[in-house]
Amino acid sequence: MATELETFCTPEGGWTTADLDRLPDDNRRRELLDGILLVPPPPRTTHQKLAARLMAALDDMPPDGYAAVHGVEVRLNDRRTFVPDGVILHAANDDGHRHWYAPREVVLAVEVVGEGTETLDRVLKPALYAQAGIPFYWRIETEGGALEVVTYRIDAVNEVYTETGRWTKFVDTGEPFPINLPISRITPRVR
């Protein structure tokens, strides 16, 4: 029986999405950055609840042509793939059976800034999502217990995101479709 370390030895030339597809489905979130395998820690319960509530709320809103999903990969290329906390897809691409999507199929990527992934969520992922051409990005900040949704639109010429709003009471934007979302609706309940 192979040890866990042997199982996760880096393949010659680095990891690819094909290598990920051959790994067992063990509920670990695996991401690739230029062939380097990243295995972020599991999100905390509050993080998971927030992401689930947000995606459920967004799934109730889109007009025909869009679908809100979470827990799927966005494969930027064969050596670079991430699992955002949620995405809005062009509905024609969502057959309900896929576990990954190409950037051209994604309209909005959402990341909830988590403990231990701050730099990934605030700097690296938005830069790479923008380079890949994903039109919109949302970053959810939870520092200090209050929620803030920061929305971005791509500047496709420069391949960077431009901030379009910071929302603490309501997310009220027309992008990528009309959204009027009370922050209280996505705030996890404290028990």
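Each chain carries its own residue numbering, running from 1 in the direction its sequence is written. Under the rules for a predicted model, residues below a pLDDT of 70 receive no local features and side-chain atom pairs below 80 are neither given nor counted, while totals for whole chains, interfaces and linings still include all residues. For side-chain calculations, the full set of non-hydrogen atoms in the structure is used, while hydrogens and water are omitted.

## A short note on the confidence of the model for the protein chain
Part 1: The predictor attaches a confidence to each residue, called pLDDT, with possible values from 0 through 100. Mean pLDDT over the protein chain: 88, with 93% of residues reaching 70 or higher.
Part 2: A run of H or I in DSSP becomes a helix once it reaches four residues, and a run of E becomes a strand once it reaches two; helices and strands are each numbered from the N terminus. For the protein chain, per-element mean pLDDT is lowest for helix α1 (residues 4-7), which scores 47, and highest for strand β5 (residues 80-82), which scores 97.
Part 3: We call two residues in contact whenever any of their non-hydrogen atoms come within 4.5 Å of each other. Within the model, pLDDT remains below 50 along residues 1-6, and this stretch shows two contacts once partners closer than five positions in the same chain are excluded.

## Side note on the sheet that holds strand β3 (residues 66-69)
Part 1: For two strands to count as paired, DSSP must find a minimum of two bridges between them. A sheet is described by the order of its strands in space; here six strands give the open sequence β3-β6-β8-β9-β10-β11, paired in mixed fashion. The open sheet has two edge strands with one neighbour each: β3 and β11 (160-167). Across this sheet, the average inter-strand angle for adjacent strands is 20 degrees, counted without regard to direction.
Part 2: Pairing analysis gives five bridges linking strand β8 (residues 106-112) to strand β9 (residues 136-141), with the strands arranged parallel. Residue pairing for β9: Val110 is matched across the bridge by Trp138.
Part 3: Axes here refer to lines fitted to C-alpha atoms; in helices the fit is confined to the stretch in contact. Angles between the N-to-C directions go from 0 to 180 degrees. Here helix α4 (residues 118-131) sits on the sheet in contact with β8, β9, β10 (148-155) and β11, set at roughly 170 degrees to β9.

## Section: the environment of Val150
Part 1: Relative to the helices and strands, Val150 resides in strand β10.
Part 2: The cut-offs for exposure are 20% and 50% of the maximum accessible area for each residue type, with area from a 1.4 Å probe on protein chains only; residues under the lower value are buried, those over the upper are exposed, and the others partly exposed. The exposure class of Val150 is buried, given its relative accessible area of 0%.
Part 3: Counting along the chain gives 13 residues from Val150 to Glu163, while the straight-line C-alpha distance between them is 7.2 Å.
Part 4: Here Val150 is in contact with Tyr137, Trp138, Arg139, Glu163, Gly165 and Arg166, once residues within four sequence places are set aside.

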